[in-house]
Every structure is written in C-alpha cells, then in structure tokens.
Amino acid sequence: MFEIASLTLREVRLPLKRPFRSAGGEVAARRFLLLELTDGEGHSAWSECVAQELPSYWPETVDTCWLALKDWLAPRLMHRRVGHPARVFELLSSGLRGHRMAKAALEMGVWTLAAAREGVPLAVLLARASGWMVETGQRPRAAVESGVAIGLQDDLDLLAELAQSAVARGYRRIRMKIEPGHDVLPARAVLQAAGPNTPVIADANGAYDPDDSAHAAVLRELDALGLHMLEQPLAPDDHVRLAELQVRMTTPVCLDESVGGVADVRTMIRMGSGRAVNLKPGRVGGLAPAIAVHDMLARVGVPVWCGGMLESGVGRAYNVALASLPGFSEPGDLSPSERYWERDIVRPAWAMESDGTVKVPLHSAGLGVEVDRDYVDQLTVRSATL
Ligand code: MG
C-alpha cells in the first residue's frame, strides 16, 4: 500500500521526423500528455496518454483526457492508499464510464510506481499479475519482435521502396495503412516488395462499408491477395457485419478500434467478428485490462499483438513491457525511437537489433529508461500539478 503524493500533468508537442498519414488524417508533430507520479518517499514514475489531437481513431482526445485526468480521475487517486495496481482500473471506473485512454495513462503510471517501489522491472510485475503466465509458469521474454507501420503513400514506387527497406532493416512484419481509393494496388505493391517471408497486414481503420458495392468488391479483392490479416475493415461497433464479412473471407480479420476491453473480445470470439486482436493498453483502460485481454486470447489461442499509437519513448516502454508476455504471438508495433523522432524524450533511446527485436529492460527497476526532463520542459506547452 502506498499513496500518490503528487501528480504533474503536462501537454507536450514532439516533432515527427516526417508526417504520418492514415485514413484518420495526417500528423506532423505528436501532441500528447505526460504524467509524472511520485509517492513522497523518493520514487517517481512517468506515463503517457496515447489520445490524439482529434477523435478520428478513438472518441477521446488530448483535451478530453486533460479534463478527465485533472477533474475526475486524478482526484480519485491522490492522497489515498493505493493497493495493488491491478485494482486501479476498477477504482477509476466505478460510476465513471468510458475515458479509457485517460484512465490508462494514470493506471499505467501506478504500475511503474509500484515496480519502482518494489525494485523490479515493469515486465516482471506484469508477468506476476497475469493468471495465464502464473498457471503456465512462463517468464517475460528478454526480447520482443517488432513490426513496422507504413502510412498512406500516393507514390507506389516509394511505397514499395519503404517496404523493401523495412525488410532489409529486419522488421518481422509490415502493417500498412489503406483507405478507399488507396487499397488493392498499394497492398499488392507492398506484398510484392516484402517477399514471401514478411507478413503484411493492411489496416483500414474502419473505413469500408460493406453495403457500398465498390467497397464490397475491394474487400473481395483484398481477400484474394494473401494478406496476413485485414485490420479493422469496418466500423468499430459493427460486430454483426464484421462477423458476416469474416465468414466470407479467408484472410483473418484483426480487430483494433472494436476492442475497448474484455467484453469486446468475448463478443469477437462468440460472434466470430474477428480472428486476431491488435491490443493497445491505452485503448482498453490500462495494463490490468490489457493483461485480462491477453490472458483470454492466450487461453483460446487467438493471435494477438501489441499495437502502437505513435508513442514517445515513455509509451514505448509500456508497450515493450506488455509485449514481453508470451501470449503476444505476433510482432508488435515497437519501432525504435529513430523511426519517428529526431530526438526521443528518453535515455537510452529505444533501439532495434538487426534481427528486428527490441530488448526488454529486465535489469532495471520500473520502465528501464530515464526521461530527459530538460528536453520535456522545452516541449511542454501547459502543465498542472495536483
Ligand atoms: Mg489499426
């Protein structure tokens, strides 16, 4: 049991090396929230809120999270005894629906604070909290496989070049963005460039409507290409039509935006609305809900991987720790810092080996990276200490 003695909320803007484009729009600098929690006994922990500027991927935004964290969520946790971090999501959710990205930012920080207090790596604390890990006697992985995400590109030759260089760099999987009008030809170009040994996932971010005959034809063509998975082809809440689509398709449908927690995974499994999950801890409310989803999928053998939200090195640390649980059967979105940022906010920056793996920091307590506070100060556009 411990208390959260102080919490500092910051909004920062971190410039991207190059703009990233998806069906949800283009982003040139990542605007996001950082939290710093302390326990008043010399321990502190940083966490990151993955919400974006606009509600194009998920209903929450940087501004709704700022409000939810400052006015509703942080006051529930401050200056009171906190038990195991696995209980924090429940505490934040009683009588307070939704706002999962805001809840996750706070919940994840509490996990790291608990890990720092115990002097154990975050990955070890997560492994101990996973029922499936405990039952099967498994330990966190020492290294996790990384895939790469490629944004929408108008130029097919450039797209093919990007895919080839990702394979040469060692990435274990390519995930490419598609949208109506940029789908079959780009997917074919990436599959050809990637070659037979690198799986390719096409991510539509919910942009297709099966009642539109042109979209339906594209979905049939995509199915014939030999993609590893088709991610979120239809709107997030459309489990009925996702299930109908999955019956007609050979390619496994992977759900991303459709999965806000364990209940959605249960719906997916029972209805057959997908055969794989892109799991992002920020989207499901934090690490405890993410572990619950991981355990449920690992028990039934459904493929799952840890997705990314253009996180800085702080958010990346959480994803690497989570992806060290062996139920994650597919490579995660765990690109090194240099892929997105001129300069990351953590030291050391995240690096990827030539075999496409990222080392899990299993020899230091907490996140395993230090936050560059001077640089974060320079990037901060507003802050509030509670
Ligand atoms: Mg996605």
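Everything here concerns the structure above.
First, a word on what this report is: a plain description of the structure on this page. Source: prediction; values computed, not measured.

## Describing the overall build of the protein chain
Then step 1. For the protein chain, the helix and strand inventory stands at 15 helices and 17 strands.
Then step 2. The C-alpha radius of gyration of the protein chain comes to 20 Å, within 12% of the 21 Å expected for a compact globule of 386 residues.
Then step 3. Principal axes of the C-alpha set define a box for the protein chain whose edges measure 60 × 45 × 40 Å.
Then step 4. Counting the 386 residues in the protein chain, one finds 58% classified as buried.
Then step 5. Of the roughly 15100 Å² that the protein chain leaves accessible, carbon and sulfur atoms contribute 50%.

## Considering the pairing of strand 12 (residues 276-279)
Then step 1. With burial as the criterion, each face of strand 12 is covered, one bearing Ala276 and Asn278 and the other bearing Val277 and Leu279.
Then step 2. Handedness of the β-α-β unit built from strand 11 (residues 253-255), helix 10 (residues 262-271) and strand 12 comes out right-handed.

## Section: the sheet that holds strand 2 (residues 6-22)
Then step 1. Spatial ordering of the open sheet is given by 4-3-2-17, a layout of 4 strands whose pairing is antiparallel. Looking along the sheet, the strands with just one partner apiece sit at the ends: strand 4 (44-49) and strand 17 (380-385). On average, each strand axis in the sheet is inclined to that of its neighbour by 25°, with strand direction left out of account.
Then step 2. As judged from the 6 bridges shared by strand 3 (residues 25-38) and strand 4, these two strands associate in the antiparallel manner. For Leu34, the partnering residue across the bridge sits in strand 4 and is Glu48.
Then step 3. Against the sheet, helix 1 (residues 62-77) contacts strand 2, strand 3, strand 4 and strand 17, and its axis sits at roughly 15° relative to strand 3.
Then step 4. Across the sheet, helix 13 (residues 313-323) touches strand 3 and strand 4, and the angle it forms with strand 4 is around 95°.

## Quick word on the packing of helix 10 against helix 12 (residues 287-300)
Then step 1. Where helix 10 contacts helix 12, the axes come no closer than 9 Å and their chain directions differ by 20°. Judged on the interaxial angle alone, helix 12 and helix 10 are roughly parallel. In the crossing of helix 10 with helix 12, the sense of the turn from one axis to the other is right-handed. Touching Val262, Val265, Arg266, Met268 and Ile269 of helix 10 are Pro289, Ala292, Val293, Met296, Leu297 and Val300, all from helix 12.
Then step 2. Each residue belonging to the contact of helix 10 with helix 12 can be placed in one class, and the counts come to 10 nonpolar, no polar and 1 charged.

## Brief notes about the environment of Asp256
Then step 1. Relative to the helices and strands, Asp256 resides in the loop between strand 11 and helix 10.
Then step 2. For Asp256, a relative accessible area of 0% corresponds to the buried category.
Then step 3. Between the alpha carbons of Asp256 and Asn205 there is a distance of 8.0 Å; along the sequence they are 51 residues apart.
Then step 4. Beyond its immediate chain neighbours, meaning those up to four positions away, Asp256 contacts Tyr57, Asp203, Glu231, Gln232, Asn278, Lys280 and Arg283.
Then step 5. A polar contact is formed between the side chain of Asp256 and the side chain of Arg283, at a distance of 2.4 Å.

## Focus: the packing of helix 1 against helix 3 (residues 100-118)
The angle between the axes and the distance between the axes are what describe a pair of packed helices.
Then step 1. At a minimum axis distance of 9 Å, the contact between helix 1 and helix 3 shows a crossing angle of 45°. Taken together, the axis directions place helix 1 and helix 3 in an arrangement best described as oblique. Judged by the twist between their axes, the crossing of helix 1 over helix 3 is right-handed. Touching Cys65, Ala68, Leu69, Leu73, Ala74 and Leu77 of helix 1 are Met101, Ala102, Lys103, Ala105, Leu106 and Val110, all from helix 3.
Then step 2. The class makeup of the residues in the contact of helix 1 with helix 3 is 11 nonpolar, no polar and 1 charged.

## Remarks on the pairing of strand 2
Then step 1. Examined bridge by bridge, strand 2 and strand 3 share 13 bridges and lie antiparallel to one another. Each bridged residue has a counterpart across the sheet, and for Leu7 the counterpart in strand 3 is Leu37.
Then step 2. Following strand 2, the chain reverses through 2 residues before pairing antiparallel with strand 3.
Then step 3. The pairing of strand 2 with strand 17 spans 5 bridges and is classified as antiparallel. Within the sheet, the bridge partner assigned to Arg10 lies in strand 17 and is Ser383.

Rules and cut-offs
- Residues numbered from 1 in each chain as written.
- Predicted model: local features only at pLDDT ≥ 70, side-chain atom pairs only at ≥ 80, totals over all residues.
- Heavy atoms only, no water.
- Helix = DSSP H or I, 4+ residues; strand = E, 2+ residues; numbered from the N terminus.
- Rg over C-alpha atoms; globule rule 2.2 N^0.38 Å.
- Buried < 20%, exposed > 50% of the residue type's maximum accessible area, 1.4 Å probe, protein only.
- Areas by Shrake-Rupley, 256 points an atom, 1.4 Å probe, with all protein chains shown as cover.
- Right-handed = clockwise from strand over helix to strand, strands pointing away.
- Pairing = 2+ DSSP bridges.
- Axes fitted to C-alpha atoms, helices over the stretch in contact; angles between N-to-C directions.
- Contact = heavy atoms within 4.5 Å.
- Parallel < 35°, antiparallel > 145°, perpendicular 65-115°, else oblique.
- Left-handed = near helix turned anticlockwise from the far one by under 90°.
- Nonpolar A, V, L, I, M, F, W, Y, C, P; charged D, E, K, R; others polar.
- Polar contact = N/O pair within 3.5 Å; in protein donor to acceptor, adjacent residues only side chain to side chain.

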